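Coordinate analysis (summary)
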Amino acid sequence: MSQTRPILYCRCAYAKVVPEDVKDQVLERLLDSGEPFESVSDLCEMSARKDPGLIPLSKQEGLRIVACYPRAVKWLFSAAGAPIDPSSIQAGRIEILNMRSDSSDAICSKLGIPGGSDPESDALQRD
Amino acid sequence: MVATNPERPRVLLYEGRSSKPMDVALRRQLVPSLLDRGYTVTRITQTASLGNLGHTELIVLGNFEQQPELSSDNAALRIHTRDVSSDTFETLMEYIEGVAQGVSQARPHWKPWFPVIDYDRCTNCMQCLSFCLFDVYGVNQANQITVQNQTNCKTDCPACSRVCPEVAILFPKYKAGPINGDEISQEDLRREAMKVDISSLLGGDIYSMLKDRSIKAKSRFSKERDDDRALKERQRCLDKLNSNVQSLEIPAEVLSSLPSLDQIQAKAQQAKHRAEQALAQQASSRESTSGGPSEDPSTTRPSH
Ligand code: SF4
Ligand code: SF4
């Protein structure tokens, strides 16, 4: 289990674009894992508000952002005045995991958190 | 920029030293509920040092064996500590909402729907600025296109992203790629390459065309008595309009709230003027810094 790299989870609370089962399962497994994490209700809303809380997050070395499409997340941070260093993304020092396209199993395995109760049904739901 | 609302408190699940982990079922119910209500939730385990995310109120929840020692570089932070060992989900939510009400106002409901520019692709052509009637776009001091009034954007309307010749406008909450930020496929690029100026696509002025449709639709509705039939008619008009403006996908509410034709034309002129001004200023500042016209990398068409 990874102990070191910080995690930021986006709940995407103000729209139904991230599949409910994926965001619920990822959050549940994150909670059960015992890993420390940061979670926000909606990165889009924070970006529109230019929330200054995004600045320290964007600079966190090793950050793994669990949200949606990396291109969207990268430019949302930038629009908020909290740009993520592109070289950090390129080098994998900051990672953006996509709950719109990937299964909860795939996300959790990238986060290094233990498997869910029924990974097969999850995989089927994503097909 | 959206008018800043006082922030909701940040909620901290303290599962660090001198505490026991929170009840699994309670934690599973509590955290998604808090996030869905707009709270920021942090769990800490090893360290007692908090990052500063700009909050002024912090609610610390835990099964404490002794009071946690927390340090923050935010001197203004007020900490509310709650031992949850005898709490239920309901009592805990009541407590948290009680603290929140004391310090913040409810956020106005707004689906965060607004364009986000991918500057790796944008060539600063200003077509989006010329197109948008609602002052969503502007230019910054470097005469670069920027999104300046996010809340002016019409919810669920992705029309300007269709106008962008570079597929550089994202709406992260849009249903499909590449507008939602998904990778851009060869097919997307082929479609964009075929895209001509939106006005010529419609055989004239897009705004007068939209307005004309809107007037026709409105006069139909006013004669309509039966609600169901009116609804169907709206849908039919919308479908017809949508097929005319190809895939602009402008929502019915936007069409029905378009200003008068004169106002639209004045607005379009203004936007066009601002776009032209910004481009001219950009060109002249390029000339003055280089001693002659040259290619600015920010306005160079990227090689996709
Ligand atoms: S960043 Fe992505 S996952 Fe987060 S709120 Fe925006 S659209 Fe939803
Ligand atoms: S390339 Fe697209 S986003 Fe950039 S100025 Fe032109 S229309 Fe706007």
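Right above here is the structure, for reference.
We now turn to the structure provided with this report. Quick caveat, the model's predicted, so the values are computed rather than measured. (Residues numbered from 1 in each chain as written. Chains lettered and ligands numbered in written order. Predicted model: local features only at pLDDT ≥ 70, side-chain atom pairs only at ≥ 80, totals over all residues. Heavy atoms only, no water.)

Focus on the pairing of strand β1 (residues 10-14) of chain B
Residue and element names in this part refer to chain B. To be explicit about the condition: The cut-offs for exposure are 20% and 50% of the maximum accessible area for each residue type, with area from a 1.4 Å probe on protein chains only; residues under the lower value are buried, those over the upper are exposed, and the others partly exposed. Secondary structure elements are taken from DSSP: a helix is a run of H or I of four residues or more, a strand is a run of E of two residues or more, and numbering for both begins at the N terminus. A pair of strands is treated as paired once DSSP finds two or more bridges between them.
The buried fraction of β1 amounts to five of the five residues, a majority that puts the element mostly inside the structure. Along β1, one buried face is formed by Arg10, Leu12 and Tyr14 and the opposite face, lined by Val11 and Leu13, is buried too. One ladder, built from five bridges, connects β1 with strand β3 (residues 40-44); its direction is parallel. Bridged to Leu12 within β3 is Thr42. Sheet topology note: the β1/strand β5 (residues 57-64) ladder contains four bridges and is parallel. Among the inter-strand pairings, Leu13 is bridged to a residue of β5, identified as Leu61.

Brief notes about the site of ligand 1
Convention followed: Whether a residue is near a molecule or strand depends on its heavy atoms: if one lies within 4 Å, it is near.
If you check the shell around ligand 1, you find A:Cys10, A:Cys12, A:Val18, A:Asp42, A:Leu43, A:Cys44, A:Ala67, A:Cys68, A:Leu76, B:Pro172 and B:Lys173 and nothing else. Near ligand 1, the surrounding residues belong to chains A and B.

As for unusual backbone geometry
Backbone torsion omega between B:Gly177 and B:Pro178 reads -5°, so that peptide bond is classified as cis. By the element assignment, B:Pro178 lies in the loop between β11 (169-170) and α5 (186-194). With a phi close to 50°, A:Lys50 is a non-glycine residue in the positive phi region. Within the secondary structure, A:Lys50 sits in the loop between α2 (43-48) and α3 (54-58). Phi is positive for B:Asn143, which is not a glycine, with a value near 60°. Considering the arrangement of structural elements, one finds B:Asn143 in the loop between β9 (137-139) and β10 (145-147).

A look at the pairing of β5(B)
Residue and element names in this part refer to chain B. Burial within β5 is extensive, with eight of its eight residues counted as buried. Here β5 shows two buried faces, one formed by Glu57, Ile59, Leu61 and Asn63 and the other by Leu58, Val60, Gly62 and Phe64. The pairing of strand β2 (residues 19-20) with β5 spans two bridges and is antiparallel. The residue of β5 that forms the bridge with Ser19 is Phe64. Bridging between β5 and strand β7 (residues 78-83) involves six bridges; their strand directions are parallel. If you follow Glu57 over to β7, its bridge partner there is Arg78.

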